Structure formats: structure tokens, C-alpha cells
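Examination of the molecular architecture
Residue strings, one per chain:
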Amino acid sequence: NEMEESIHRFNVFMGINESEENNRICMDQFFGHGTKKENSNPHPKVEEGSPAWQVLARDNEFDMRLYESIVEIFGEQTEIIEKHARSMAIWNGQE
């Protein structure tokens, strides 16, 4: 859902400088070029509440719960990642 932000958070945490040309080239090769990054195959859209959606939700109940928890944790991590990025920038003399 937030592929670009996930990549950014990983890079921040690992200390990868996204502004370096070789790192941008690597990310473009792996995730695709441009503003929209992706790592999956296209699938038909299923409208929430439709019979197909209900079957998928029932058959994947625990995956749905896990996904909802991950989305919640992702939101909570924002402040942590931003603090880490600031501390790394200070440590590296960038601020």
C-alpha cells in the first residue's frame, strides 16, 4: 500500500543515501523507474462488499487481520523513523 514510503524507511534505517546516483539506479532497476514503485503483478480490482470480496475475506481472515495490524504499526512507526533519520543526519554532519 505504501511501497515508496516503505523503501524510504528501510533506506533511512540502514543509512542508505537515496540522493547518491548509484543507489537511485539500483532502486529504479529493482522497483521500477518513476514516481510509482511496485513489486507485484497486476490483479483485477475486487469491490469491497461484493460476493467475490466476501469469499476472499472469509478465506483469508487471518491474513486480513495481520494486514490491518501492519497498517496500524506502519502509522505508529512514522515518528520513530523520522527521529532516527534526524539523528543519522546529525551523526553524519548533514544538519
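Residues numbered from 1 in each chain as written. Predicted model: local features only at pLDDT ≥ 70, side-chain atom pairs only at ≥ 80, totals over all residues. Heavy atoms only, no water.

1. Some points on the confidence of the model for the protein
Looking at the protein, pLDDT values average 81 and 83% of them are 70 or higher. Across the protein, the element-wise mean pLDDT spans from 78 in helix α2 (residues 21-31) up to 93 in helix α3 (residues 51-59). (pLDDT = per-residue confidence, 0-100. Helix = DSSP H or I, 4+ residues; strand = E, 2+ residues; numbered from the N terminus.)

2. Brief notes about the environment of Glu4
The residue Glu4 is located in helix α1 (residues 3-14) in this model. Sequence separation between Glu4 and Phe31 is 27 residues, and the spatial gap between their C-alpha atoms is 9.2 Å.

3. Here we look at α2
The complete set of buried residues in α2 reads Asn23, Met27 and Phe31. Down the axis of α2, the sector holding all buried residues measures 40°, keeping them to one side. The outward face of α2, more than 90 degrees from its buried face, is lined by the exposed residues Asn22 and Gln29. Along its buried surface, α2 packs onto α1. (Buried < 20%, exposed > 50% of the residue type's maximum accessible area, 1.4 Å probe, protein only. Arc of directions from axis to C-beta. Contact = heavy atoms within 4.5 Å.)

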